[in-house]
Amino acid sequence: MASSSNGASSGSSTLGSSSSSEEFQQILDERKRKRMVSNRESARRSRMRKQEHLDELMGHVSELTKHNNQILTSINVTSQLYLNVEAENSVLRAQMSELSTRLQSLNEIIDFVNSSNGVLESDKFNQAAYYHPHHQINEDTFMNPWNSFSVNQSFMASADMILY
């Protein structure tokens, strides 16, 4: 009987250990299940944070693209204005060159007239041979139109002369 009581006690002990082993396995399975749920929830939160970060970066990209387009538009407008000013400067340079040439010609005419007045004044002895009412050399310098140029002045170009 001893052997049967030993067998029975070992059987009940095996049965008891199997029941505790099943409970232990259930506890492990429950912990594993909770850990899986927790990991899934953590992964879901991580994916959400990642998506939010991605959305934020896409917003920044959109803002930067918009800002770049505004800068490009500004550069294009400024370049066009620069080209317009450059063209206007070219026209003004050409006008200035033409007016400078005219001014130089007028100054040469004044110099010629001034030098011619000296010739006419030294030719007072031969007035009878060169008589013309507008070319008479007399004391009245206001009546002689050539003497009005004898004032030794140069013409100066002003900015108002360039504008039409």
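Residues numbered from 1 in each chain as written. Predicted model: local features only at pLDDT ≥ 70, side-chain atom pairs only at ≥ 80, totals over all residues. Heavy atoms only, no water.

A.B. asks: Please explain the overall build of the chain as it appears in this structure.
C.D. replies: Scanning the chain for helices and strands turns up two helices and zero strands. By residue count, 7% of the 164 residues in the chain fall in the buried class. Residue pairs in contact within the chain that sit at least 24 positions apart in sequence constitute 64% of those at least 6 positions apart. Element-wise, carbon and sulfur atoms account for 59% of the exposed surface of the chain, whose accessible area totals about 14100 Å². (Helix = DSSP H or I, 4+ residues; strand = E, 2+ residues; numbered from the N terminus. Buried < 20%, exposed > 50% of the residue type's maximum accessible area, 1.4 Å probe, protein only. Contact = heavy atoms within 4.5 Å. Areas by Shrake-Rupley, 256 points an atom, 1.4 Å probe, with all protein chains shown as cover.)

A.B. asks: Please explain the pattern of salt bridges as it appears in this structure.
C.D. replies: Oppositely charged side chains are able to pair whenever their charged atoms sit close together. Taken as a whole and assessed by the stated rule, the structure comprises four salt bridges. Of the charged contacts in the structure, one is a salt bridge between Glu-41 and Arg-44, with a shortest N-O distance of 2.2 Å. Here Arg-44 and Glu-41 lie together in helix H1 (residues 2-122), a separation of three residues that amounts to about one turn. Taking relative accessible area as the criterion, Glu-41 reaches 30% and is therefore assigned partly exposed. The class of Arg-44 is partly exposed, set by a relative accessible area of 35%. (Salt bridge = Lys/Arg side-chain N within 4 Å of Asp/Glu carboxyl O.)

A.B. asks: I tried to follow a nonpolar patch on the surface on my own but got confused; where do I start?
C.D. replies: On the surface, Ile-71, Leu-72 and Ile-75 cluster together into a nonpolar patch covering about 260 Å² of accessible area. Tracing the chain through its elements places Ile-75 in helix H1. (Patch = residues over 30% accessible without salt bridge, like charges linked within 9 Å, V, L, I, M, F, W, Y side chains within 5 Å.)

A.B. asks: Would you explain the confidence of the model for the chain in this entry?
C.D. replies: For the chain, the mean per-residue pLDDT works out to 77, and 61% of the residues sit at or above 70. Considering only residues more than four positions removed or in separate chains, one finds that residues 1-12, a stretch of pLDDT under 50, has zero contacts. Low pLDDT (under 50) marks residues 134-139, which in the prediction has 12 contacts with non-local residues, meaning those over four places away or in another chain. (pLDDT = per-residue confidence, 0-100.)

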